[in-house]
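Structure assessment
Chain by chain, the residues run as shown.
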Amino acid sequence: QVQLVESGGGLVQAGGSLRLSCAASGNFFRIDTMAWYRQAPGKQRELVASMSVGSSANYADSVAGRFTISRDNARNRMSLQMNSLKPEDTALYYCNLRIRTVSWGPRNDYWGQGTQVTVSS
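What comes next concerns the included structure. (Residues numbered from 1 in each chain as written. Predicted model: local features only at pLDDT ≥ 70, side-chain atom pairs only at ≥ 80, totals over all residues. Heavy atoms only, no water.)

1. Quick word on the packing of aromatic side chains
For the structure shown, the criterion picks out 2 aromatic pairs. Taken together, Tyr 37, Tyr 94 and Trp 111 form an aromatic cluster joined through their ring pairs. The aromatic ring of Tyr 94 is capped on one face by Arg 45, whose charged end is 3.9 Å from the ring centroid. The ring of Trp 111 has Arg 45 sitting right over it, with the charged end atom 4.7 Å from the ring centre. (Phe/Tyr/Trp six-rings, centres within 6.5 Å; stacked < 30°, edge-to-face > 60°. Lys NZ or Arg CZ within 6 Å of the ring centre and 35° of its normal.)

Shown next as structure tokens:
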């Protein structure tokens, strides 16, 4: 059984910074892609940033240059450093891990519980 626990988030003024973390526990072979998604009220969930097992990162245009995704493979953790936050960054943020539970098996998606980020103007 794989479990994800998110931490971080909160209320910050525009221009401020926050750091989100996501930790995976349980029995599995390897974490492949790690990603952060967000969903604002009335909007669809969108991909914010992702990082491959080889640490190649991709960002949504709206956060490029302000957010930084990182991963610690030894500890099965990833983080999202969010700087220069804007009111439009307000959303519920979810971590997503694509995990291969056994070496010969498929990859499955696991989701964190979500953490709220609110940016005031």
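2. Looking at the nonpolar core
One finds Trp 36, Leu 80, Met 82 and Tyr 93 to be the most contacted residues of the largest nonpolar core, which totals 30 residues. The set of elements that each furnish at least two residues to this core consists of strand 1 (2-7), strand 3 (18-26), strand 4 (30-39), strand 5 (46-51), strand 7 (67-72), strand 8 (77-82), strand 9 (91-100) and strand 11 (115-120). (Core = buried A, V, L, I, M, F, W, Y, C linked by side-chain atoms within 4.5 Å. Buried < 20%, exposed > 50% of the residue type's maximum accessible area, 1.4 Å probe, protein only. Helix = DSSP H or I, 4+ residues; strand = E, 2+ residues; numbered from the N terminus.)

3. Description of the sheet that holds strand 7
The strand order across the open sheet built from 4 strands is 1-3-8-7, with neighbouring strands paired in antiparallel fashion. On the outer flanks of this sheet lie strand 1 and strand 7, each paired with one strand and no other. Pairs of neighbouring strands in the sheet enclose a mean axial angle of 15°, with direction left out of account. Judged from the 6 bridges that link them, strand 3 and strand 8 form a sheet pairing that is antiparallel. Across the sheet, Ala 23 pairs through a bridge with Arg 77, a residue of strand 8. (Pairing = 2+ DSSP bridges. Axes fitted to C-alpha atoms, helices over the stretch in contact; angles between N-to-C directions.)

4. Points about the side chain of Ser 79
On the secondary structure map, Ser 79 appears in strand 8. Classification of Ser 79 by relative accessible area gives buried; the value is 11%. Excluding residues that lie within four positions of it along the chain, Ser 79 makes contacts with Arg 19, Leu 20, Ser 21, Trp 36, Thr 68, Ile 69 and Ser 70. (Contact = heavy atoms within 4.5 Å.)

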